[in-house]
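# Summary of structural features
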Amino acid sequence: MGSTASVHRTAILTGASAGIGEALAVELAGRGWDLGLTARRLPALEALQQRIRAAHPDRRVEVRALDVADPAAVQRVIPELAQALGGLDLIVANAGIGNAKRVGTGNLATDIGIIQVNLIGAIATIDTAIPIMLAQGRGHIVGISSTASVRGLPTSASYSASKAGFHSYLEAARTELAAKGIQVTTISPGFIDTAINRHQPWRPFLITAEQGAAKIANLIDRGVRHATVPFFPWAAISLVFWAAPNFVWDLIAAQLQKRRD
């Protein structure tokens, strides 16, 4: 979907109350998109709504409380927002959580929660949007994955698993939907300064949420299949991670674990 795809462009974002989602909402509003914003924290969404409307009085911004861990709620809210906006050109499955712990240390409930939000919730979001887009004969799906999807990162096993699963889901969806007028873009951020990674003692090549959002919006406009954000150095790092023989990866992973201790 290019930047001149239509005069009236509508986008729904999950996880829009903070971090990448909040910054991307502001960026898209500045580029002329009408927005449907969801998150668990409605007051934060309402504050964002007011901020965007103050900057762009002609922009339509609808907000709804939504926990993507509840698939039934997703199936209710996404169509409701699409109807309120008058269509759905873009869905951004962004909602996600982190805080994974070491495996086998009694944190199963946390691990399950991460999988429920990052994978099941993201799939529910996209699965609900697809029939709306098929009825229109067009649409653009964007999934916020992670460079952690390439290999299982020590101390982030469930987070890595959730993003690897989502990455595979998006890849399959891209093939299935290619002939039906629906684009699928996978965005794999490196370290973007958000609450999900601020507990990490080491965040190399860090960029701000605003910088990340501008780059993601550019990639959306270009309709790319997959990209890291920022491209350099994370595209190269991801390639090294993916191609590394097991004995090399073991050395890399051991160093990563030391930096996270």
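Treat the numbers as computed from the prediction; the structure is a model and nothing was measured.

## Some words on unusual backbone geometry
Cis geometry is adopted by the peptide bond preceding Pro230, which originates at Val229 and carries an omega value of -5 degrees. One non-glycine residue, Thr155, lies in the positive phi region at around 70 degrees. If you trace the backbone, Thr155 turns up in the loop between β5 (139-144) and α5 (157-177). One non-glycine residue, Phe205, lies in positive phi territory at about 55 degrees. Within the element layout of this structure, Phe205 appears in the loop between β6 (182-189) and α6 (209-222).

## Examining the pattern of salt bridges
For the structure shown, the criterion picks out 11 salt bridges. Salt-bridge contacts for Arg59 lead to Asp58; the nearest nitrogen and oxygen are separated by 3.3 Å. Arg60 is the salt-bridge partner of Glu62, the closest N and O atoms lying 3.2 Å from each other. Looking at Arg60, the relative accessible area reads 39%, which means it is partly exposed. One network of salt bridges, with partners in common, ties together Arg9, Glu27, Arg31 and Asp221.

## Describing the layout of surface pockets
Volume-wise, the second largest pocket comes out at about 220 Å³. Along its surface, the second largest pocket is lined by 14 residues, and Val150, His226, Thr228, Ser238 and Leu239 are the ones closest to its centre. Among the elements of the structure, β7 (226-229) and α7 (231-243) are those that each provide at least two residues to the lining of the second largest pocket. For the lining of the second largest pocket, the element with the most residues is α7, which contributes five residues. Of the residues that constitute the lining of the second largest pocket, the class distribution is six nonpolar, eight polar and no charged.

## As for the confidence of the model for the protein
In this model, the protein carries a mean pLDDT of 94, and residues with pLDDT of at least 70 account for 97%. Scored below 50 in pLDDT, residues 1-6 makes 14 contacts in the model with residues more than four places away or belonging to other chains.

## Structural notes on the sheet that holds strand β4 (residues 90-93)
Reading across the sheet, the seven strands line up as β3-β2-β1-β4-β5-β6-β7 and stay open at both edges, with parallel pairing between neighbours. At either end of the open sheet lies a strand with only one pairing partner, and these are β3 (61-65) and β7. Each neighbouring strand pair of the sheet contributes to a mean axis angle of 15 degrees, computed without reference to strand direction. Summarising the sheet, strand β2 (residues 33-39) and β3 pair through five bridges and their orientation is parallel. The residue of β3 that forms the bridge with Gly36 is Glu62. On the sheet, α6 packs against β1 (9-13), β4, β5, β6 and β7 and is oriented at approximately 165 degrees with respect to β7.

Each value, and the rule that gives it
Residues numbered from 1 in each chain as written. Predicted model: local features only at pLDDT ≥ 70, side-chain atom pairs only at ≥ 80, totals over all residues. Heavy atoms only, no water. Helix = DSSP H or I, 4+ residues; strand = E, 2+ residues; numbered from the N terminus. Salt bridge = Lys/Arg side-chain N within 4 Å of Asp/Glu carboxyl O. Buried < 20%, exposed > 50% of the residue type's maximum accessible area, 1.4 Å probe, protein only. 1 Å grid on protein atoms, 1.4 Å probe; cavity = no way out; pocket = protein on both sides within 12 Å on 5 of 7 lines; lining within 4 Å. Points joined across faces, edges and corners; volume = space filled by probe spheres on them. Nonpolar A, V, L, I, M, F, W, Y, C, P; charged D, E, K, R; others polar. pLDDT = per-residue confidence, 0-100. Contact = heavy atoms within 4.5 Å. Pairing = 2+ DSSP bridges. Axes fitted to C-alpha atoms, helices over the stretch in contact; angles between N-to-C directions.

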